[in-house]
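# Structural overview
Residues per chain are reported as follows:
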Amino acid sequence: MLDYARNEIWPKLGQVILPNWESMGRAMFKAAAVEPLILYCTIWSAAAYHLTLSFDGPLFQMMLDLQCKASRKIRNAIATNNISDGILFGIQALSYQFMDVATGVFERGLFESPLYSLSVFNATGPIMFAPEHMRNQQHILIQRGGIGTVTLPGVAETFQMSDILNACHCDTAPTFELCRSYSLGLQEMTASRPSMARARTFRVDIGFKEILLDLITCCNLVESWYTIAETSLEMPDLPRPLLLYRDLVVYRLLRLPRGQEGIEICRLATFILTFGIVYPNYWGALHRMANDLVIAFMDPRFTKRQEGAFLFWAAMLGGMAILDESIDATQEFFIKILKDLRARLGLESWESAKLLLKKYVWIDHACDKGGMIIWEKIGGDDASVKEDLMIQMLLDDAPPVDLYEWSDGQ
């Protein structure tokens, strides 16, 4: 069992732990040596997922045996109020609800990303969380003093990842503060953050701009992976800090205020880009954000005083959140918006549109193919697009911007 966890499960976590940049797999191996419950839960969780693919009698029996062992130990610990890190890990493992192959498919829209093909989202397969188990685990951990009280290697990071994952599923703010490793990761990311000038086109506050700059760092890491992959005979590993950095971006996005006039469209568009490229998901979150973006576009409070170029970028991402082969009213809404904005901005070619999009956040390998599909839907390079009167009334407070004043490439 230990070899199976060490060789097949933990390496797929892909995460690193600071300050030593230790792999999550190595940390979990050390934690399992101290607390066998962690090994039991890891093995039966993996077994439960594999049983959604095909039934295996011995594997099923092993899963039941390990679940019984874990459950007995957890019940005894709760009864005696002796809640260790391993017990909390076991309670979380009992909350896992594994999705079958048909429903557990990454929702990607028209984005492309190596994070879909490398199976690094989680170790054991597509999961959701049983709400009551998660609430119990979170309540006990908060009573203990928070995530900072967890000392077993890799366990605090596992709680942090699950908290962020569950918050995305429930569309709520994360429950916990940042653990030590994630706090150190934020310091590392801050030190390598691009210049604030890179985010000058966004009309948001400094805190939001820092999130956008950190998302750009993540996207640049994805782009660097593609560059290496194009000349490599083997599929390269993901850049070491990518999974940690992307968690930190999502964590802070989830904590942004909602429904604020100056940032709502940017918040939703940034979520779409994040879910599309660096944080793939399978609970409909990408489509949900696109639907919320439609609602925001229809509310003049959110579109007034926004630049036409910014709205073009946001609407392009909204359209890309939907698979091309689907007939979807959400995508059709964004197509109408984009047709009008294209005419008002004087965008005659895909190259001119890309020049505008790259003033915000746009990653060629991940976005170009989907963006060109949407571009063709709004007429392509040969179109003579006229403004739609209803869309013009919807966006009449969004002043058009001269694209060519940004030709310095900043």
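Just above sits the structure.
Bear in mind the structure is a predicted one, so any value in this text is a computation, not a measurement.

## Some points on the overall build of the chain
Helices and strands together make up the secondary structure of the chain, namely 19 helices and 4 strands. Taken across its 410 residues, the chain has 56% of its residues classed as buried. Long-range contacts, defined as pairs at least 24 residues apart, comprise 77% of the intrachain contacts of the chain with a sequence gap of at least 6.

## Comments concerning the nonpolar core
Core analysis: the biggest nonpolar cluster contains 139 residues, and Phe-202, Ile-277, Phe-297, Phe-312 and Trp-313 have the highest contact counts within it. Of all the elements, helix α10 (residues 206-231) adds the most residues to this core, at 12 residues. Excluding residues that lie within four positions of it along the chain, Trp-313 makes contacts with Phe-202, Ala-269, Thr-270, Leu-273, Leu-357, Tyr-360 and Val-361.

## Some details on unusual backbone geometry
Trans is the prevailing form of peptide bonds, just as negative phi is the prevailing case for residues other than glycine. Note the cis peptide between Leu-18 and Pro-19, where omega equals 15°. Among the structural elements, Pro-19 can be located in the loop between β1 (16-17) and β2 (22-23). Of note, Asn-81 is a non-glycine position whose phi angle comes to about 55°, a positive value. Along the chain, Asn-81 falls in the loop between α4 (57-79) and α5 (85-94).

## Some words on α4
The end-to-end C-alpha distance of α4, which contains 23 residues, comes to 33 Å, matching closely the 33 Å that a straight helix rising 1.5 Å per residue would cover. Positive backbone phi, at 55°, marks Asn-81, one or two positions downstream of α4.

## Looking at the packing of aromatic side chains
This structure, assessed with the given rule, holds 13 aromatic pairs. Aromatic pair Phe-310 and Trp-313: ring centres 5.8 Å apart, planes at 40°, arrangement tilted. Residue Phe-310 and its partner Trp-313 are located together in helix α15 (residues 308-320), separated by 3 residues, close to a single helical turn. With a relative accessible area of 0%, Trp-313 lands in the buried category. An aromatic cluster is present here, built from Phe-202, Phe-310, Trp-313 and Tyr-360 joined pairwise through their rings. If you follow Lys-69 out to its NZ or CZ, it ends over the ring of Tyr-40, 5.4 Å from the centre.

## Regarding the environment of Ile-277
In this structure, Ile-277 sits in helix α12 (residues 264-277). Judged by its relative accessible area of 0%, Ile-277 is buried. When neighbours within four sequence positions are excluded, Ile-277 is seen to be in contact with Phe-111, Ser-113, Leu-115, Tyr-116, Cys-219, Val-222, Ile-363, Ala-366 and Cys-367.

## Remarks on the side chain of Thr-330
Relative to the assigned elements, Thr-330 resides in helix α16 (residues 329-345). Owing to a relative accessible area of 10%, Thr-330 belongs among the buried residues under this scheme. Reaching out from Thr-330, the side chain makes a polar contact with the side chain of Asn-291 at a distance of 2.5 Å. Apart from the residues within four sequence positions on either side, Thr-330 is in contact with His-287, Ala-290, Asn-291, Val-294 and Ile-322.

## Observations regarding the pattern of salt bridges
Scanning the model with the defined rule gives 19 salt bridges in all. The salt bridge partner of Glu-22 is Lys-30, with a shortest N-O separation of 2.8 Å. Of the residues examined, Glu-22 reaches a relative accessible area of 17% and is grouped as buried. A salt bridge links Glu-261 to Lys-304; the shortest N-O distance between them is 3.8 Å. Of this pair, Glu-261 sits in the loop between α11 (242-254) and α12 while Lys-304 sits in the loop between α14 (300-303) and α15, and the two are 43 residues apart along the sequence.

## As for the environment of Ser-113
If you trace the backbone, Ser-113 turns up in the loop between β3 (96-98) and α6 (114-117). Classification of Ser-113 as buried rests on a relative accessible area of 7%. Residues Ser-113 and Tyr-226, spaced 113 residues apart in sequence, show a C-alpha to C-alpha distance of 9.0 Å. Of the polar contacts made by the side chain of Ser-113, one reaches the backbone oxygen of Ile-277; its length is 2.5 Å.

Quick notes on the rules
- Residues numbered from 1 in each chain as written.
- Predicted model: local features only at pLDDT ≥ 70, side-chain atom pairs only at ≥ 80, totals over all residues.
- Heavy atoms only, no water.
- Helix = DSSP H or I, 4+ residues; strand = E, 2+ residues; numbered from the N terminus.
- Buried < 20%, exposed > 50% of the residue type's maximum accessible area, 1.4 Å probe, protein only.
- Contact = heavy atoms within 4.5 Å.
- Core = buried A, V, L, I, M, F, W, Y, C linked by side-chain atoms within 4.5 Å.
- Expected span 1.5 Å × (residues − 1).
- Phe/Tyr/Trp six-rings, centres within 6.5 Å; stacked < 30°, edge-to-face > 60°.
- Lys NZ or Arg CZ within 6 Å of the ring centre and 35° of its normal.
- Polar contact = N/O pair within 3.5 Å; in protein donor to acceptor, adjacent residues only side chain to side chain.
- Salt bridge = Lys/Arg side-chain N within 4 Å of Asp/Glu carboxyl O.

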